[in-house]
Amino acid sequence: MQLITGILTCVLAIFVVHVQAQSPKAKNGTFALTNATIETVTKGTINNGSIILANGKIQALGTNVTVPANAEVIDCKGLRIYPGMIDAGGKIGLLEIGQIPQGSDEAEKGDVLPQIKALTAINPNATAIPVTRVSGITTTLVTPDGGLIPGTAALVNLFGYVPDQMFAGFEGVVINFPNTGRRGFFDRRSDDEIKKASEKALQQLNDVWDRAIQFHKLDSATKGKGTTYYPEMQAMLPIVRGTQTLLIEVNAAKDIQAALKWGKEKKVKKLVLMGVSEGWRVADEIAKAGVPVITGPVIALPTRDYDRYDAAYANPGLMKKAGVKVAIRSLEENNGNYRNLPYHAGFAVAYGMDKEEALKAITIVPAEILGVSDKMGSLEIGKIANLFVCDGDPMETKTQIKHVFIDGWQMPMTSRQIELYNEFLKREPGVSKN
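About the thresholds
Residues numbered from 1 in each chain as written. Predicted model: local features only at pLDDT ≥ 70, side-chain atom pairs only at ≥ 80, totals over all residues. Heavy atoms only, no water. Phe/Tyr/Trp six-rings, centres within 6.5 Å; stacked < 30°, edge-to-face > 60°. Helix = DSSP H or I, 4+ residues; strand = E, 2+ residues; numbered from the N terminus. Buried < 20%, exposed > 50% of the residue type's maximum accessible area, 1.4 Å probe, protein only. Pairing = 2+ DSSP bridges. Axes fitted to C-alpha atoms, helices over the stretch in contact; angles between N-to-C directions.

Q: I keep staring at the packing of aromatic side chains and nothing clicks. Help me out?
A: Describing an aromatic ring pair means giving the distance of the ring centres and the angle of the ring planes. Summed over all chains, the structure comprises eleven aromatic pairs. Measuring from ring centre to ring centre gives 5.5 Å for Phe 159 and Trp 409, while their planes differ by 45 degrees; the resulting arrangement is tilted. Here Phe 159 is found in the loop between strand 8 (151–157) and helix 3 (163–166), whereas its partner Trp 409 is found in strand 16 (residues 409–410), with 250 residues between them in sequence. For Trp 409, a relative accessible area of 31% corresponds to the partly exposed category. Arranged with centres 6.5 Å apart and planes meeting at 75 degrees, the rings of Tyr 309 and Tyr 313 form a pair that is edge-to-face.

Here's what the structure looks like:
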């Protein structure tokens, strides 16, 4: 018996050591990042500065900062510090393996599901999360997919064991605005069929809105005591009352115009357009309406055969020049490379967008659009310690990310991709056992 117990103990010890070796943990505490170039985004650049992180927040920042005695000092000489990037649109955590239904939680069955919350479906252990955060992206807006109203999107920080730990303070109902065009080359519907389908979807959307208005009136008149269980309408109440943002996914120029008109007619108080791939065609109208935009992917093909090859690349810059408030998202498909967010911004810079504005489009602007700019999006005292340290311009692919902090926790700089890279870089016994 003692022999068996001893063997089991050894096996368990080896297992624990093995697991620990493969799963480095995040580290909390007080950190002093010294001698760095600090890109605050909102208050200029600080050369040879320091940042003190404690209790999950930025406690001090500048060139004359006292380092606490208990702080772990990280010398950042020759390095830059940026606020954590915010990807304002993607499906990270909702999809693991696209080839099997059990691996996907990005869409539910049904057309009108505002009560379905993306936050409840996020897998905090999704493989895509570590590889995204070690690239400097600390926060993402997770958006559901599906029918006319597929659900409620949630902003999350990319660290936590349960979704509630990850929640970053924003939720908004998503609408896929009725599309008057083809869904792609595979769409074989006739023009008449497309028109009828669009009109039917718009009528359905109007019916939902009318019901939401009636529910709001009844709920207000009875102070919440006269309404029965009606989850769809209860989820729409904050939108009707203007306390929550409505996110409208729309891309074709004609549909963008229709969405702006619809939002104005329905008196939607908090409205954000998402996608907006043909925003450059109607940029003046979007700017005049004062509706902010979360656009992307930027690294994409033109929407029409006769458009210039760079239409998608130039779209953010053209809208910004017209006066539109623009944030950039990656919206990488198939659980893909959300880590490419800074390169989407880089393409926007290469095709006309001001570099400083592009950096804002993946940091402070999405924070402002989603109503969390008092917590994140820039490096300021009192804000959440979401930031990263790198050795160059994050929009350039050669730049290496050295450190990432989320909620003040120092992230382990590893991911499944890094583990595989290291494993096969130094193979043992190698390609030959001899």
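Q: Looking at this structure, I do not really get the sheet that holds strand 13 (residues 326–328). What am I missing?
A: The strand order across the open sheet formed by eight strands is 6-7-8-9-10-11-12-13, and the pairing between neighbours is mixed. In this open sheet, the two strands that pair with only one neighbour each are strand 6 (85–90) and strand 13. The mean angle between the axes of side-by-side strands here comes to 25 degrees, regardless of whether they run parallel or antiparallel.

Q: It is not clear to me how unusual backbone geometry should be interpreted in this structure. Could you clarify?
A: With the exception of glycine, most residues fall at negative phi, and the peptide bonds are largely trans. In the segment running from Gly 296 into Pro 297, the intervening peptide bond is cis, with an omega of 5 degrees. By secondary structure assignment, the location of Pro 297 is in the loop between strand 12 (293–295) and helix 8 (311–322). The phi dihedral of Asn 48 is positive, around 50 degrees, even though this residue is not glycine. In this structure, Asn 48 sits in strand 2 (residues 45–54). Look at Asn 48 and you get exposed, because its relative accessible area is 52%. One non-glycine residue with positive phi stands out, namely Lys 267, at about 55 degrees. Overall, Lys 267 belongs to the exposed group, its relative accessible area being 69%.

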